[in-house]
Amino acid sequence: MKYIDEFRDPEKAQRLLHLIHKRSTHPVRLMEFCGGHTHAIFKFGLRQLLPCTVTLLSGPGCPVCVTASSDLDRAIAMAHLPGVIVATFGDMMRVPGSNGTLQDAKAQGADVRMVYSSLDALSIARANPDRPLIFLAIGFETTAPTVAAAILQAQEEDVDNFFILSLHKLTPPATKAILDAGEVNLSGIIGPGHVTTVIGADSWNFLPNDYGIPCAIAGFEPLDILWAIYALVDMIEAHTPAVSNRYARSVRPEGNRRAQELMDQVFQIGPAEWRGLGVVPSSGLLLREQYRAFDAALHFPVQISPSQEPAGCRCGEVLRGVTEPPQCPLFARVCTPEHPIGPCMVSSEGACAAYMQYSEA
Amino acid sequence: MAKEVLLAHGSGGKLTHDLIRNVFLKHFRSPLLAMRDDAAVWRHSSSTEVQWALTTDSYVIQPIFFPGGDIGKLAICGTVNDLAMVGAQPLYLTASFILEEGLPLSDLEQIVASMARTADEAGVEIITGDTKVVDRGNADQIFINTAGVGIVPKGVHISGANAQPGDVVILSGPIGLHGLAVMSQREGLRFSFPLHSDCAPLNSLVAAMLQADMRIHCLRDPTRGGLATTLNELAAQSQVGIEIEEARVPIPESVHAACELLGIDAFYAANEGKLVAIVAPEAESAILAAMRRHPHGRETVTIGHVTAAHPGKVILHTTLGAHRILDMLAGAQLPRIC
């Protein structure tokens, strides 16, 4: 398939691997921020092909995984309100909150629907004008513009039963939080390809400037990822940290201005609670004053008990790159894809799920 | 186990298997059921060589009409294929309908006509049936159940438990067409290329294979849960390992594109007109040749082999030269978020 097969070419992959093996002399620890990268790395078996000097660590880039338990508990409580329809992306259905999942709530009679986009959720709202629809707006800078577009469309059409619970999160502040915590010693970052398509490669300049480490933006095919790893190894060996855009067929230095404007029109930046990272300042998106009519948090206040993380679950540490999934005492014993305890085992972008599904046998 | 039935219990993955083991097999104690093949096979009395095969399946697909087929065609093919997968020659089918109040009669007739056409093609007769109508909202348009009975020819012993180290794994053609055709239709996605379900009765293909060589150990149609799930089922049932070469598994361009767009994996997408055969190595070339001569097997390929190592596990050798587990899915496959 055009634009795919070229980036999976086994011969070119071998050539890149040869270059990485030749260039890499010092041990490096590289974090792939994005869960999509983790998934691809495991799916194509890239870790086993890299030299032992290159260690890859999974980061917090899984929107489902970083959603705080308290936010999930609020969403479940909202789903139980009479008449309410909750719409969400599929993976969210299976994440355990303090008391069960959205999927359990659905089996108990709550109206929870799986959608593929915020516009699908808007369609459900239109089709059920007498019932409030709450869309659980999770995701990074990739999904936020589409949610902004749905809100503007709802406003234009006077759809007054469409609400969102904005749980959006921003990636650069989370990367900073991980580096500032100093728990993991990182030599470089594999930058998220889809997010950076929106925010622009320049958004990562703080990594070489403030932290002295390189960043290589990568696409999601094996050659994209290997090329980014080579760029990182090369910059680390040469002591020339910079932002290297290895996904230029999608990412521009300034990003997608139209998407940024949409986000900025509807949302303002505020604090957000991340699973694993706690409250990170300026890392969330809140609805601006003039769009408060769409704010589910405002219109459907629910009381929840203090949320509990599942006992023994180390998803928080996995999301910070401190713990590898197999080091968690629950991994594969108690916590499995069929009976997940923590979100990293649920989401297809979660590190634990990738380890389970694609283990090297 | 969850306290309530979840939708994921019906996805054909691990949760479905848990449900079968923990609820159905716990109470239904028949050794024939415990074989867990697509159809039950038994001999009426020890004095006869005749073996019967019986199977049943319910069809609840949305949308009821999709590119390349409809719920009626599916209801015939599914049951005919379940019989074919134990090597049986399908003879008679039943057809039961649960209809939702308000279903257009023209839709019903179109579905029934499609069933009749497909039954003709497969050479089976529908000889008994039942109809129930429920209030609007208590069913989704139309649910169909079919059961089928057939005869297993003398000398045929096909079961998911029969794979042996050294056997060859054969796939009858490109994967993912049914799953992606239905999913695209459901999501209102339109592509510039055709994406049609591969829904087809496979009994004549199986008959041709058996005629070429009887040394077929396992047959299974990779429906719900896709190729990955079927291979895992066979590895577990036979307590053998299976090794698959990723580069040999044919994925049509259209399926590949739709998978990339939706963020799903073709190895887990449903097929309704394909089969996986595990055969003795000596039988490989004769069976491949016979399959390639058949209209439903023209693109047949060998995709791997059976090994004594890592029993119960399927290993995928990736195109880049790495290897990893090809696991069953825990629940339904879901499109990615970002």
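Quantities reported herein were computed from a predicted structural model and do not represent experimental measurements.

Moving on, we get to the overall build of chain A. Secondary structure summary: chain A contains 17 helices and 11 strands in total. The C-alpha radius of gyration of chain A comes to 21 Å, within 12% of the 21 Å expected for a compact globule of 361 residues. Seen along its three principal axes, the alpha-carbon backbone of chain A occupies a region of about 65 × 45 × 40 Å. Split into buried and exposed, the 361 residues of chain A put 61% on the buried side. A separation threshold of at least 6 residues defines the contact pool for chain A, and within that pool the share at least 24 residues apart is 77%. For chain A, the exposed surface amounts to about 13900 Å²; the carbon and sulfur share of it is 52%.

For chain B, the count of helices and strands is 9 helices and 14 strands. Relative to the globule expectation of 20 Å for 338 residues, the C-alpha radius of gyration of chain B, 19 Å, shows essentially globular dimensions. Principal-axis analysis of the C-alpha atoms places the extent of chain B at approximately 60 × 55 × 45 Å. The buried share of chain B, taken over its 338 residues, is 54%. Of the accessible surface of chain B, which amounts to about 14400 Å², a share of 54% is contributed by carbon and sulfur atoms.

What follows concerns the pairing of strand β10 (residues 241–245) of chain B. Residue and element names in this part refer to chain B. Burial runs high along β10: 4 of the 5 residues are buried. Judged from the 4 bridges that link them, β10 and strand β12 (residues 301–307) form a sheet pairing that is antiparallel. Looking at the pairing, Ile 244 lines up with Gly 304 of β12. Here β10 runs beside strand β13 (residues 314–317); their pairing, made up of 4 bridges, is parallel. Within β13, the position partnered with Ile 242 by the bridge is Val 314.

The next subject is the sheet that holds strand β14 (residues 323–325) of chain B. All names here are of chain B. The strand order across the open sheet built from 7 strands is β9-β11-β8-β12-β10-β13-β14, with neighbouring strands paired in mixed fashion. Unpaired on one side and paired on the other, β9 (216–220) and β14 mark the two borders of the sheet. Averaged over all adjacent pairs, the angle separating strand axes in this sheet is 25 degrees, with direction ignored. Here β9 runs beside strand β11 (residues 276–279); their pairing, made up of 4 bridges, is antiparallel. Directly across from Ile 216, in β11, lies its bridge partner Val 279.

Across the contact, 46 residues belong to chain A and 32 residues belong to chain B. For the pair chain A and chain B, the two sides together bury roughly 3400 Å², of which 61% comes from carbon and sulfur. Here chain A is connected to chain B by 1 salt bridge. For Arg 8 of chain A, the salt bridge goes to Glu 260 of chain B, with nearest N and O atoms at 2.8 Å. Taken together, the links from chain A to chain B amount to 6 residue pairs in polar contact (both at pLDDT 80 or more).

This part takes up the environment of Gly 321 of chain B. Residue and element names in this part refer to chain B. Its place among the elements puts Gly 321 in the loop between β13 and β14. By relative accessible area, which is 59% here, Gly 321 ends up exposed. Sequence separation of Gly 321 and Gln 110 is 211 residues, and the distance between their C-alpha atoms is 49 Å.

All right, on to unusual backbone geometry then. Cis peptide bonds are those with omega within 30 degrees of zero, and the linkage from Gln 62 of chain B to Pro 63 of chain B qualifies with 0 degrees. Mapping Pro 63 of chain B onto the fold places it in the loop between β2 (51–59) and β3 (65–66). Positive phi, close to 70 degrees, is recorded for Ala 332 of chain A, a residue that is not glycine. Relative to the assigned elements, Ala 332 of chain A resides in the loop between α15 (315–319) and α16 (343–346).

Attention now goes to the state of the cysteines. For the structure on display, the rule yields 1 disulfide over all chains. The disulfide bridge from Cys 62 of chain A ends at Cys 65 of chain A, spanning 2.2 Å between sulfur atoms. Here the disulfide of Cys 62 of chain A and Cys 65 of chain A is right-handed, its torsion about the S-S bond being about 65 degrees. Of the two residues, Cys 62 of chain A and Cys 65 of chain A, neither departs from the other in class, the shared state being buried. Considering cysteine sulfurs only, Cys 199 of chain B is the nearest to Cys 77 of chain B, which forms no disulfide, with 3.8 Å between them. The exposure class of Cys 77 of chain B is buried, given its relative accessible area of 0%.

The rules behind the values
- Residues numbered from 1 in each chain as written.
- Chains lettered and ligands numbered in written order.
- Predicted model: local features only at pLDDT ≥ 70, side-chain atom pairs only at ≥ 80, totals over all residues.
- Heavy atoms only, no water.
- Helix = DSSP H or I, 4+ residues; strand = E, 2+ residues; numbered from the N terminus.
- Rg over C-alpha atoms; globule rule 2.2 N^0.38 Å.
- Buried < 20%, exposed > 50% of the residue type's maximum accessible area, 1.4 Å probe, protein only.
- Contact = heavy atoms within 4.5 Å.
- Areas by Shrake-Rupley, 256 points an atom, 1.4 Å probe, with all protein chains shown as cover.
- Pairing = 2+ DSSP bridges.
- Axes fitted to C-alpha atoms, helices over the stretch in contact; angles between N-to-C directions.
- Buried area = accessible area lost by both parts, 1.4 Å probe.
- Salt bridge = Lys/Arg side-chain N within 4 Å of Asp/Glu carboxyl O.
- Polar contact = N/O pair within 3.5 Å; in protein donor to acceptor, adjacent residues only side chain to side chain.
- Disulfide = S-S within 2.5 Å.

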